[in-house]
Amino acid sequence: MNLRLPALLLLLPLLPHQAPAKPPLPPGQLLFQQNCVRCHGANGKRGLNGAHDLTKSNLNDFGRTYLVVNGMGKMPAFGKKLTAAQVQQVVAYSLTLR
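Residues numbered from 1 in each chain as written. Predicted model: local features only at pLDDT ≥ 70, side-chain atom pairs only at ≥ 80, totals over all residues. Heavy atoms only, no water.

A.B. asks: When you look at the overall build of the chain in this model, what are you seeing that I'm missing?
C.D. replies: A count of helical and extended segments in the chain gives 5 helices and 0 strands. Taken against the 2.2 N^0.38 rule, which gives 13 Å for 98 residues, the C-alpha radius of gyration of the chain at 22 Å runs more than 25% over that of a compact globule. Along the three orthogonal principal directions, the C-alpha set of the chain runs to about 75 × 25 × 20 Å. Burial analysis of the chain (98 residues in total) assigns 26% to the buried set. Contacts in the chain between residues at least 24 apart in sequence constitute 43% of all its contacts with a sequence separation of at least 6. (Helix = DSSP H or I, 4+ residues; strand = E, 2+ residues; numbered from the N terminus. Rg over C-alpha atoms; globule rule 2.2 N^0.38 Å. Buried < 20%, exposed > 50% of the residue type's maximum accessible area, 1.4 Å probe, protein only. Contact = heavy atoms within 4.5 Å.)

A.B. asks: Before we go on, may I ask you to explain the side chain of Arg64 in this structure?
C.D. replies: As for its position among the elements, Arg64 is in helix 4 (residues 61-70). For the buried Arg64, which has no salt bridge, the nearest side chain bearing the opposite charge is Asp53, at an N-O separation of 8.0 Å. Of note is the side chain of Arg64, whose polar atom sits 3.0 Å from the side chain of Ser94. Each residue touching Arg64, except ones within four places of it in the same chain, is listed here: Leu54, Ser57, Leu59, Val91, Ser94 and Leu95. (Lys, Arg positive; Asp, Glu negative; His and termini not counted. Salt bridge = Lys/Arg side-chain N within 4 Å of Asp/Glu carboxyl O. Polar contact = N/O pair within 3.5 Å; in protein donor to acceptor, adjacent residues only side chain to side chain.)

A.B. asks: What's the story with the packing of helix 4 against helix 5 (residues 84-94) in this structure? I'm lost.
C.D. replies: In a pair of packed helices, the angle between the axes and the distance between the axes together describe the arrangement. Two numbers describe how helix 4 lies on helix 5: the axes approach to 9 Å, and their chain directions differ by 125°. In terms of orientation, helix 4 lies oblique with respect to helix 5. In this structure, helix 4 meets helix 5 at a crossing whose hand is right-handed. The segment helix 4 lies against helix 5, with Asp61, Arg64, Thr65, Val68 and Val69 engaging Val87, Gln88, Val91 and Ser94. Among the residues making up the contact of helix 4 with helix 5, the classes are represented as 4 nonpolar, 3 polar and 2 charged. (Axes fitted to C-alpha atoms, helices over the stretch in contact; angles between N-to-C directions. Parallel < 35°, antiparallel > 145°, perpendicular 65-115°, else oblique. Left-handed = near helix turned anticlockwise from the far one by under 90°. Nonpolar A, V, L, I, M, F, W, Y, C, P; charged D, E, K, R; others polar.)

A.B. asks: Explain helix 4 here, please?
C.D. replies: Note that an α-helix has 3.6 residues per turn; residues three or four places apart therefore point the same way. Buried within helix 4 we find Gly63, Arg64, Thr65 and Val68. At the N-terminal end of helix 4, a side-chain oxygen is found 3.1 Å from the backbone nitrogen of Phe62, two or three residues along, and the residue is Asn60. Of the residues trailing helix 4, Gly71 is marked for its positive phi of about 70°.

Quick look at the structure:
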C-alpha cells in the first residue's frame, strides 16, 4: 500500500489556500468604468445628466464611435482623451450591455 497519498491528504489543509484568479476584464470595460459609468451606469441604464440607456440604443458601432469621439449634448467628446483603439474597445464593450 502506498502511504504517500494518505499522508499528502492529511497535509492538504495546511497548505496555503490560493483564491481562484479573477477572469480578466473584457477589453473596453475598464475604460467604460473610468469614463462612462458616471452617467451611463455600470449596466448602461443609469441615464444621469440625460445619458441614453445603452441597452436600448439602436446605434451601431459607427454611430457609437462618432458619439464617443465627438460627443453630443451633455456628453463630452473623448476623441482627444482616448486613442482610436481605446474608443473601439469602449464601443465594442458598450454593445455587449443588455
